[in-house]
Amino acid sequence: MGDPIERLKRLPWGALFQAALITVLVVMILEFLVLQTAQLSPPVARLVSALLGGSLGVISLLAIFAGIGALGVLVLEYIYQPGITLGSLWGLVLALALTLLLKTHLPLPWSLVSLNNELELIGIVIGVFLKGKPYWQSFRRW
């Protein structure tokens, strides 16, 4: 086993953060569209409120963040297909988490998605590793 710090240095951080940034930009556009539609249509507003409130809100948030993780893997496959490994999937989780934390601190007039607790991070991990399942086999080379 090699030095873990050296393995972290060898990850494609540029591609990982580029994929995370593109993913968060797509999420920002989608949440803006959802909120604009909810403002224009009371039935959509009730639906969004029902999906994000109560006990169903926990499941919805987990699913939303799993979708963000899966979208991150899709974008990473487009940007950096040949070098995706188990290590780069974990790097993508970190890049997505940091990028979402940065988005949380931006002064935006709208926000449905922000990284506030462990549930959102668990959703990202689930999405990244469900979509990135074909790359698990490369864990021995990482």
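Residues numbered from 1 in each chain as written. Predicted model: local features only at pLDDT ≥ 70, side-chain atom pairs only at ≥ 80, totals over all residues. Heavy atoms only, no water.

### Brief notes about the overall build of the protein chain
Our working definition: Numbering of helices and strands starts at the N terminus; helices are DSSP runs of H or I of at least 4 residues and strands are runs of E of at least 2. Any residue under 20% of the maximum accessible area for its type is buried, any over 50% is exposed, and the rest in between are partly exposed; the area is computed with a 1.4 Å probe on protein chains only. Residue contacts are defined here by distance: any two heavy atoms, one from each residue, within 4.5 Å place the two residues in contact. Computed with the Shrake-Rupley method and a 1.4 Å probe, the accessible areas treat only the protein chains shown as cover for residues. In this tally, Lys and Arg are treated as positive and Asp and Glu as negative; His is ignored, and so are the chain termini. Positions of charges follow a simple convention, taking NZ of Lys, CZ of Arg, CG of Asp or CD of Glu.
Within the protein chain, the secondary structure is distributed over 6 helices and 0 strands. Order of helices (α) and strands (β) in the protein chain, N terminus to C terminus: α-α-α-α-α-α. Scored against the burial criterion, the 142 residues of the protein chain give a buried share of 36%. For the protein chain, long-range pairs separated by at least 24 residues make up 81% of all intrachain contacts whose partners lie at least 6 apart in sequence. If you sum the accessible surface of the protein chain, you get close to 8,400 Å²; carbon and sulfur atoms cover 71% of it. Where the 9 positive side-chain charges of the protein chain centre and where its 6 negative ones centre are 8 Å apart.

### Section: a nonpolar patch on the surface
What counts here: Like charges within 9 Å and nonpolar side chains (Val, Leu, Ile, Met, Phe, Trp, Tyr) within 5 Å are joined into patches, using only residues over 30% in relative accessible area that form no salt bridge. Salt bridge, as used here, is a side-chain nitrogen of Lys or Arg placed within 4 Å of a carboxyl oxygen of Asp or Glu.
Nonpolar side chains collect at one region of the surface, where Ile 22, Val 26, Ile 29, Leu 30, Phe 32 and Leu 33 lie side by side and expose about 500 Å² of accessible area between them. Mapped onto the elements, Ile 22 comes out in helix 2 (residues 13-40).

### As for the confidence of the model for the protein chain
Parts of the model with low pLDDT should not have their predicted coordinates read in detail. Test applied: How sure the predictor is of each residue is captured by pLDDT, a score from 0 to 100.
Summing up the model confidence of the protein chain, the mean pLDDT is 87 and the portion of residues at 70 or higher is 94%. Across the protein chain, helix 6 (residues 118-131) holds the top mean pLDDT of 94, while helix 1 (residues 4-9) sits lowest at 78.

### Re the packing of aromatic side chains
Formally: The criterion for an aromatic pair is that two Phe, Tyr or Trp rings (for Trp, the six-membered ring) have centres within 6.5 Å, with stacked assigned to planes under 30 degrees apart, edge-to-face to planes over 60 apart and tilted to the rest.
The full count for this structure, using the stated rule, is 2 aromatic pairs. Ring geometry for Trp 90 and Phe 129: centres 4.7 Å apart, planes at 50°, overall tilted. Taken together, the positions of Trp 90 in helix 5 (residues 86-104) and Phe 129 in helix 6 put the pair 39 residues apart, joining distant regions of the chain. Among the residues examined, Trp 90 registers a relative accessible area of 45% and is labelled partly exposed.

### Here we look at the nonpolar core
Formally: Buried residues of nine kinds, namely Ala, Val, Leu, Ile, Met, Phe, Trp, Tyr and Cys, make up a nonpolar core once their side-chain atoms join them within 4.5 Å.
If you look at the biggest cluster of nonpolar residues, it comprises 27 residues, and the most contacted ones within it are Phe 65, Leu 76, Leu 89, Leu 92, Leu 100, Ile 124 and Val 128. Counting residues per element, the ones that place at least two in this core are helix 2, helix 4 (54-80), helix 5 and helix 6. The contacts of Ile 124, once residues within four sequence positions are left out, are Phe 65, Ala 66, Gly 69, Val 93, Leu 96, Leu 100 and Leu 115.

### Regarding the pattern of salt bridges
According to the stated counting rule, one finds 1 salt bridge in the structure shown. A salt bridge links Lys 103 to Glu 31, with the nearest nitrogen and oxygen atoms 2.9 Å apart. Taken together, the residues span a long stretch of sequence, with Lys 103 in helix 5 and Glu 31 in helix 2 at a distance of 72 residues. A residue is classified by how much of its surface remains accessible, and Lys 103, at 3% relative accessible area, is buried.

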